[in-house]
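What follows is each chain in one-letter form.
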Amino acid sequence: MELTGRDFDKIPPRNLHVPVVEFARLWLAAEELYDREKSWSAFGVVQTCRWLACATVRAADGRTYLADAPVTNRFGLAHEETIEAEAFAAEVLLFRRPVPAWLEERSGWLAAIVVTLGWAWRRSGTPPIDVPAHIPG
């Protein structure tokens, strides 16, 4: 997904507990990382950032849709209550045993979501990926 200034301007500050500029830098770095490596862990960060930012995503076939919640697949704009519910659902799934087969196939995806929500929403831990110095602030 190619991001523009308009995408960053539309990020709802109430959806974050970190400065919007720090979140925007992380989101841009995550999109660049995902474009390069297409890993499940990079996708987990991207998917979570898109949802928190209430982003509109363009599918490969050209259709656009509102980013949905990464774990619950809840549709609609992210807001305080749904973000907290998503963070809780992600943590519950992280500790579920046995691990569902579909989740085993997505190496790093869930951990990336938990860390991203932990950093951006709960203001705990560190960002889920390193943000290169070349990413503007």
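Report follows, based on the coordinates. (Residues numbered from 1 in each chain as written. Predicted model: local features only at pLDDT ≥ 70, side-chain atom pairs only at ≥ 80, totals over all residues. Heavy atoms only, no water.)

What follows covers the overall build of the protein chain. A count of helices and strands for the protein chain gives six helices and two strands. In terms of overall dimensions, the protein chain is globule-like: its C-alpha atoms have a radius of gyration of 14 Å, near the 14 Å expected for 137 residues. Seen along its three principal axes, the alpha-carbon backbone of the protein chain occupies a region of about 45 × 35 × 30 Å. Within the protein chain, buried positions represent 43% of all 137 residues. Within the protein chain, contacts between residues at least 6 apart in sequence are counted, and of these 58% link residues at least 24 apart. (Helix = DSSP H or I, 4+ residues; strand = E, 2+ residues; numbered from the N terminus. Rg over C-alpha atoms; globule rule 2.2 N^0.38 Å. Buried < 20%, exposed > 50% of the residue type's maximum accessible area, 1.4 Å probe, protein only. Contact = heavy atoms within 4.5 Å.)

So, about helix H3 (residues 40-52). Compared with the 18 Å implied by 1.5 Å per residue over 13 residues, the 18 Å span of H3 between its first and last C-alpha is a close match. Of all 13 residues in H3, 10 are buried, a share of seventy percent or more. If you check which residues of H3 are buried, you get Ala42, Gly44, Val45, Val46, Gln47, Thr48, Cys49, Arg50, Trp51 and Leu52. Taken together, the buried residues of H3 touch helix H2 (20-37), strand S1 (56-58), helix H4 (80-94) and helix H6 (109-120). Where H3 terminates, the next one or two residues include Cys54, which has phi positive at roughly 55°. (Expected span 1.5 Å × (residues − 1).)

Running from N to C, H4 and H6 cross one another at 140°; their axes reach a closest spacing of 9 Å. Judged by the angle between their axes, H4 and H6 are oblique. In terms of crossing hand, the pair formed by H4 and H6 is left-handed. Here Ile83, Glu86, Ala87, Ala90, Glu91, Leu93 and Leu94 of H4 lie close against H6, whose contacting residues are Leu110, Ile113, Val114 and Leu117. Considered class by class, the residues forming the contact of H4 with H6 number nine nonpolar, no polar and two charged. (Axes fitted to C-alpha atoms, helices over the stretch in contact; angles between N-to-C directions. Parallel < 35°, antiparallel > 145°, perpendicular 65-115°, else oblique. Left-handed = near helix turned anticlockwise from the far one by under 90°. Nonpolar A, V, L, I, M, F, W, Y, C, P; charged D, E, K, R; others polar.)

Treat this as a map of the structure, not an account of what it does.
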